[in-house]
Amino acid sequence: MTAPGQNLKIDGERLWNSLMEMAKIGPGVRGGNNRQTLTDEDAEGRALFQKWCEAEGMTMDVDQMGTMFMRREGEDPSLPPVYMGSHLDTQPTGGKYDGVLGVLGGLEVIRMLNQLGVKTKHPIVLTNWTNEEGTRYAPAMLASGVYAGVLEQEWAYARVDADGKSFGDELERIGWKGAAPVGGRPMKAFFELHIEQGPILEAEGKDIGVVTHGQGLRWIQCTVTGKESHTGSTPMPMRKNAGRGLAQITELVHEIAMSQQPNAVGAIGHIDIYPNSRNIIPGKAVFTIDFRSHLIDVLNGMVDRFYAEAPKLCEALGVSFESEIVGQFDPPAFDEGCVNAVREAAQRLGYSHRDIVSGAGHDACWINRVAPTAMIMCPCEDGLSHNEDEEISPEWAAAGANVLFHAVVETAEIVG
Ligand code: HGY
Ligand code: MN
Ligand code: MN
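These figures come from a predicted structure and were not determined experimentally.

What follows concerns the sheet that holds strand E8 (residues 265-274). On the basis of which strands lie adjacent, the open sheet formed by 4 strands has the order E8-E9-E7-E10 and antiparallel pairing. What marks the edges here is a single partner per strand, and that holds for E8 and strand E10 (320-329). On average, each strand axis in the sheet is inclined to that of its neighbour by 15 degrees, with strand direction left out of account. Strand direction decides the pairing type here: strand E7 (residues 216-225) and E10, joined by 9 bridges, are antiparallel.

Okay, here's the thing in C-alpha cells:
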C-alpha cells in the first residue's frame, strides 16, 4: 500500500529555470552571484521571490529583521506550520545555489502541491532568512540568530559594514524592515535543503546527505597594531610590522587546526591591512579567524591554544594584540524525528544517501534551538562553494527538492 503522497515528485525543469532566473539578479563576474545582504540586488531578489510566492496564493509576513515568511494555508490554520527555507543572500564571489536552492526548492514544493491540488492539515511556511552569509555584516546567520533568541536585535541593527553603514539603516533603506516581532512563531518543524559545500557526497556517489549534526564555529576578530613607517628608510630592527603579526598568526591558526585532524578546520578569510600602501610598513592588521569542529572540546581547545600563543607571538614582534568574538555557535545535533523523516524520504524515493555532518553553518543551526529541525543536502561539483564556479546538476537539485517535498508534506500531513 503506498503511503499518501508516495509518488509526489517536483518538476525539476521548473525548479532549474527558477534557479537560473534568480541567478540573473546580482550577477558575479564569472558566472556566479554577488547578491550581498541588504543591497539593492538583495531587494530585487526578494521582490522576485515575493512575486513568485504570491502567484502561488501564498501570503507574506516580514519580521523586524527582514526575514520573509511566505505562508500556504493549511486545512486547520490553528495548527503550527511546517517551515522550510534557507537564504537568498550570497557571498561577494558566491555561487548560484548556496542558500538559493533551499528557498526555490521550497517554492517548487508549493508549486507542485498547488498543481496537484494537494492540501495539508498544517500550514506550510517558506522562509528567506536575512543575512545568512555574514560577509557584509558579521556574524553569519544573523537574522536566524536573533529569531532563536541567541543574538540581540539592537546589537544586530548596530552591526556596520566596511563602509560604516549599519544593518538597521540598510534594512530600512531597501524597504524590507517588517513589522512582525522576531521569533516566537509556533513551528511544528523546520527543514532546510542546502548544497553540501564539501566533496563527500559527490566522491561517494551519493544523491542525498541526511544531516545529523553541524560543526560549531568561533569567529575571532583580531586587531594587530604596529607602527606605520617608511619601507625604505626605517632600519629593520626599528620596525613594528603589523603584517608580520598577521603572517605568523595565519600560520598559527593553520597549525592549530592541523593538530586536530580530521576533526577541525581553521583559516583567516577576512583581512584588512592599513594603510595598505606599497612603501609604508603596515601599522595595523584587522582580520577574522574561523575555527570549526563538530566536537565542542576540540573547538574550545583550539580557541584556548590560540589565546595562549597569539599574544605572546605579537609581543615578540613589538606589536599589540586585541581580539573579540564576532560570531559563535556550538555544534548542533538535529532533531531525530525530523532526521528520520529525511532519511525515510530518501529511502522511499530510491535515492542513495548517507548521514553527514554539515561543515558549513546554516540558519537551521540556530532554528534547531527553537523547533525540531533537520537538513537535506545534495552534492556539489568538486565540493566547491563560496566560489563563482559553484555548480550542481539539475538531477541533484531535483533529488534534494523531492526529499524536501516528502519530508515536509509528511510532517504537514496530507488531507484526504
Ligand atoms: O559560514 C558559513 O558556514 C555559512 O556559509 N554562512
Ligand atoms: Mn548557505
Ligand atoms: Mn554560504
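Around the manganese ion (ligand 2), the protein contributes the donor atoms His87 (NE2), Asp98 (OD) and His194 (NE2), which lie 2.1 to 2.3 Å from the metal centre. If you list the donors of the manganese ion (ligand 2) from N- to C-terminus, the spacing comes out as H-x10-D-x95-H. Separating the manganese ion (ligand 2) from the manganese ion (ligand 3) is a gap of 3.4 Å, which Asp98 spans by donating to each of them. Highlighted residues: His87 in the loop between strand E3 (82-86) and helix H3 (100-116) and Asp98 in the loop between E3 and H3, separated in sequence by 11 residues. Assigned by exposure class, His87 and Asp98 land together as buried.

What follows covers the packing of helix H10 (residues 336-348) against helix H12 (residues 394-412). One way to put it is that H10 packs onto H12 with a least axis distance of 8 Å and a crossing angle of 125 degrees. Taken as axis vectors, H10 and H12 run oblique relative to one another. Between H10 and H12 the crossing geometry is right-handed. Between H10 and H12, the residues in contact are Ala341, Val342, Ala345, Ala346 and Arg348 and Val403, His406, Ala407 and Glu410, respectively. Residues that form the contact of H10 with H12 fall into these classes: 6 nonpolar, 1 polar and 2 charged.

Take the site of ligand 1 next. Inspection of the region around ligand 1 gives Glu132, Glu133, Ala140, Arg292, Ala360, Gly361 and His386 as its neighbouring residues. Glu133 has a polar side-chain atom sitting 3.5 Å from a nitrogen atom of ligand 1. Considered on its own, ligand 1 offers 220 Å² of accessible surface; in the complex 95% of this is hidden by protein. Across the shell around ligand 1, the residue classes break down as 2 nonpolar, 2 polar and 3 charged.

A few words now on the pattern of salt bridges. As enumerated under the stated definition, the model contains 22 salt bridges in all. The salt bridge involving Arg173 is made with Asp40; its shortest N-O contact spans 2.8 Å. Of this pair, Arg173 sits in helix H6 (residues 167-173) while Asp40 sits in helix H2 (residues 40-55), placing them 133 residues apart in sequence. With relative accessibility at 48%, the residue Asp40 sits in the partly exposed group. The shortest N-O distance in the salt bridge between Glu255 and Arg305 comes to 2.3 Å. Taken together, the residues span a long stretch of sequence, with Glu255 in helix H8 (residues 242-258) and Arg305 in helix H9 (residues 296-317) at a distance of 50 residues. On the basis of relative accessible area, Glu255 is assigned to the partly exposed category, the value being 38%.

Glancing now at the pairing of strand E2 (residues 68-72). Along E2, 4 of the 5 residues are buried, which leaves the element largely enclosed by surrounding structure. Sheet topology note: the strand E1 (residues 59-62)/E2 ladder contains 4 bridges and is antiparallel. Paired with Asp61 across the strands is Phe69, a residue of E2. Following E1, the chain reverses through 5 residues before pairing antiparallel with E2; Gly66 in that reversal takes a positive phi of roughly 85 degrees.

Turning our eyes to something else, we now look at the coordination of the manganese ion (ligand 3). Those donors, Asp98 (OD), Glu133 (OE), Glu133 (OE) and His386 (NE2), are the protein atoms that reach the manganese ion (ligand 3), and they lie 2.1 to 2.5 Å from it. For the manganese ion (ligand 3), all donor residues lie on one chain, and their spacing in sequence is D-x34-E-x252-H.

Moving on: the packing of aromatic side chains. This structure, assessed with the given rule, holds 12 aromatic pairs. Ring geometry for Tyr137 versus Phe167: centroids 5.5 Å apart, planes at 80 degrees, classification edge-to-face. Taken together, the residues span a long stretch of sequence, with Tyr137 in the loop between strand E4 (124-128) and helix H4 (142-147) and Phe167 in helix H6 at a distance of 30 residues. Overall, the relative accessible area of 0% leaves Tyr137 in the buried class. Taking relative accessible area as the criterion, Phe167 reaches 0% and is therefore assigned buried. When the centroid spacing of 5.5 Å and the interplanar angle of 65 degrees are considered together, the rings of Phe329 and Trp366 count as edge-to-face. Within this pair, whereas Phe329 is found in strand E10, its partner Trp366 is found in helix H11 (residues 363-367), the two being separated by 37 residues in sequence. Here Phe329 matches Trp366 in class, with each residue buried. Ring pairing ties together the aromatic residues Phe69, Tyr83, Trp129, Tyr147 and Phe190, which thus form one cluster.

Cut-off values and rules
Residue numbers run consecutively from 1 along every chain, following the written order of its sequence. Starting at A for chains and at 1 for ligands, labels are handed out in the order in which the entities are written. Totals for whole chains, interfaces and linings use all residues, but because this is a predicted model, local features are given only for residues with pLDDT of at least 70 and pairs of side-chain atoms are given and counted only at 80 or more. Side-chain metrics in this entry use all non-hydrogen atoms of the structure; hydrogen atoms and water are not considered. Think of it this way: DSSP has to see at least two bridges between two strands before they count as a pair. A run of H or I in DSSP becomes a helix once it reaches four residues, and a run of E becomes a strand once it reaches two; helices and strands are each numbered from the N terminus. Angles here are taken between N-to-C directions and fall from 0 to 180 degrees, while the axes themselves are lines fitted to C-alpha atoms, restricted in helices to the stretch in contact. Donors, by definition, are the N, O and S atoms found within 2.8 Å of a metal, the threshold being 3.2 Å for Na, K and Ca, and water is not counted, so a site can look incomplete. For every residue, the accessible area obtained with a 1.4 Å probe (protein chains only) is divided by the maximum for its type, and the residue is called buried under 20%, exposed over 50%, and partly exposed between those limits. Here the word oblique covers every angle except those under 35 degrees (roughly parallel), over 145 (roughly antiparallel) and from 65 to 115 (roughly perpendicular). Left-handed describes a crossing whose near helix is turned anticlockwise from the far helix by less than a right angle; the clockwise case is right-handed. Here, two residues are considered to be in contact whenever any of their heavy atoms come within 4.5 Å of each other. Gly counts as polar in this scheme, as do all residues outside two lists: the nonpolar Ala, Val, Leu, Ile, Met, Phe, Trp, Tyr, Cys and Pro, and the charged Asp, Glu, Lys and Arg. Whether a residue is near a molecule or strand is decided by its heavy atoms; if any one of them lies within 4 Å of it, the residue is near. Here a polar contact means two N or O atoms within 3.5 Å. Within protein one must be a hydrogen donor candidate and the other an acceptor candidate, and residues neighboring in sequence count only if both atoms are side-chain atoms. Methods summary: accessible areas were calculated by the Shrake-Rupley approach with a probe of 1.4 Å, and residue burial reflects only the protein chains presented. Take a side-chain nitrogen of Lys or Arg and a carboxyl oxygen of Asp or Glu: if they are within 4 Å of each other, that pair is a salt bridge. The pairing test for Phe, Tyr and Trp rings, Trp by its six-membered ring, is centres within 6.5 Å, and the orientation test on the planes gives stacked under 30 degrees, edge-to-face over 60, and tilted for anything in between.

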